[in-house]
Each structure stands twice: as structure tokens, then as C-alpha cells.
Amino acid sequence: MKVVVQRSLEAKVTVNEEEVGAIGHGLVLLVGITHEDTAEDAHYTADKIANLRLFEDENEKLNLSVQDVGGQILSISQFTLYGDCRKGRRPNFMAAAKPEQAESLYEEFNDRLRKAHGLKVETGSFGAMMNVSFTNHGPVTLIVESK
């Protein structure tokens, strides 16, 4: 799995001009899944993200996790993270998992954040054309990978 993690002040996702998910402060996650990914990858990545210290403490040091600050998560499925742009001008998406596998692991990932870490997780609509808007706080942006 590959997840782009962005700290945000607020975020929302719309499908066909209808808001389907929104959060206050927390993290926006762009979640990519490849063929070799398993439930173990989903759990590892969710656990890593839930515990990453990306928020400032009273000394302005990045010592607090999204859980510590009562933050929320907006999780967006993003197969294009596995686009290969090395040849030609059109990305090759062969490394991205097929929708059936990807959706199952995406749900497993989000459930792990909710059940194991008690986080509020909002999502978009899997496979839909979505518009995501947010305010990147910091900006803080990282890439977390399971392998």
C-alpha cells in the first residue's frame, strides 16, 4: 500500500456536486493499493498512520498523533498512486490492484483506523470521480508505504 498523508485544518469530498464526506482538523489520506497487498499491509499502514506524530505539542514539536489531538481522517481511494510514468506520456496503471481487491483492502484499512484506533473516518465513494478540497496545515505531507 502507498498512502499520501496530508495534515489538514478541514477537508471535504464531493461526488456529482454532493458532499459525501467531510472532517474538521486531522489527516487527508490518498490511499493506493497494489496487487501484492494483503490485509496485513492494510493493518500495518493504518497502525503506522494512526500513531505518526504529525501534530505539535505545547513546545511546537511534532510529538502528537491524530489520536492524541482528537483529529479525524478523510480517506480517499487513489489508484493513480500506482501510475508508472517512466515510459511515454500516458501513465501505466498496471501496478494498481483490480477494483474488487482494492475496494476490499481499502475498507479493511478504514475499518482498522475506526475499530483499532477509535478514529472518525470519512470516505469518498470508491471508484467514483471525486473532488477533494482541503486546507493543508503546515504544509505537512508524507508518503507511507507498507513494503
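Look up a bit, the structure's there.
Predicted model, so just to flag it, every value in this text is computed and none were measured. Sequence order as written defines residue numbering, which begins from 1 separately in each chain. At least 70 in pLDDT is required for a residue's local features to be given in this predicted model, at least 80 for side-chain atom pairs to be given and counted, and no such filter applies to totals for whole chains, interfaces and linings, which use all residues. Note that the side-chain values use all heavy atoms of the structure and ignore hydrogens as well as water.

Asks: Got a sec to walk through the environment of V66? Specific residues and values, please.
Replies: With respect to the helices and strands, the residue V66 is situated in the loop between β5 (62-64) and β6 (72-77). Separated by 16 residues in the primary sequence, V66 and A50 have C-alpha atoms spaced 6.3 Å apart. Once residues within four sequence positions are removed from consideration, V66 is found in contact with G26, L27, I49, A50, L52, F55, G71, Q72 and L119. Strands here are runs of E lasting at least two residues and helices are runs of H or I lasting at least four, both read from the DSSP assignment and numbered beginning at the N terminus. Contact criterion: two residues are considered in contact whenever any of their non-hydrogen atoms come within 4.5 Å of each other.

Asks: Tell me about the pattern of salt bridges, residues and numbers included.
Replies: Any carboxyl oxygen of Asp or Glu that lies within 4 Å of a side-chain nitrogen of Lys or Arg is treated as forming a salt bridge with it. Under the definition given, this model contains seven salt bridges. With a closest N to O distance of 2.7 Å, D84 and R86 form a salt bridge. When its relative accessible area of 75% is taken as the criterion, R86 is described as exposed. Notably, a salt bridge pairs E122 with K120, separated by 3.9 Å at the nearest N-O pair. Relative accessible area decides the class of each residue, using a 1.4 Å probe on protein chains only: under 20% of the type maximum gives buried, over 50% gives exposed, and in between gives partly exposed. The exposure class of E122 is partly exposed, given its relative accessible area of 22%. Beyond isolated ion pairs, a larger network of salt bridges with shared partners links D37, D41 and K147.

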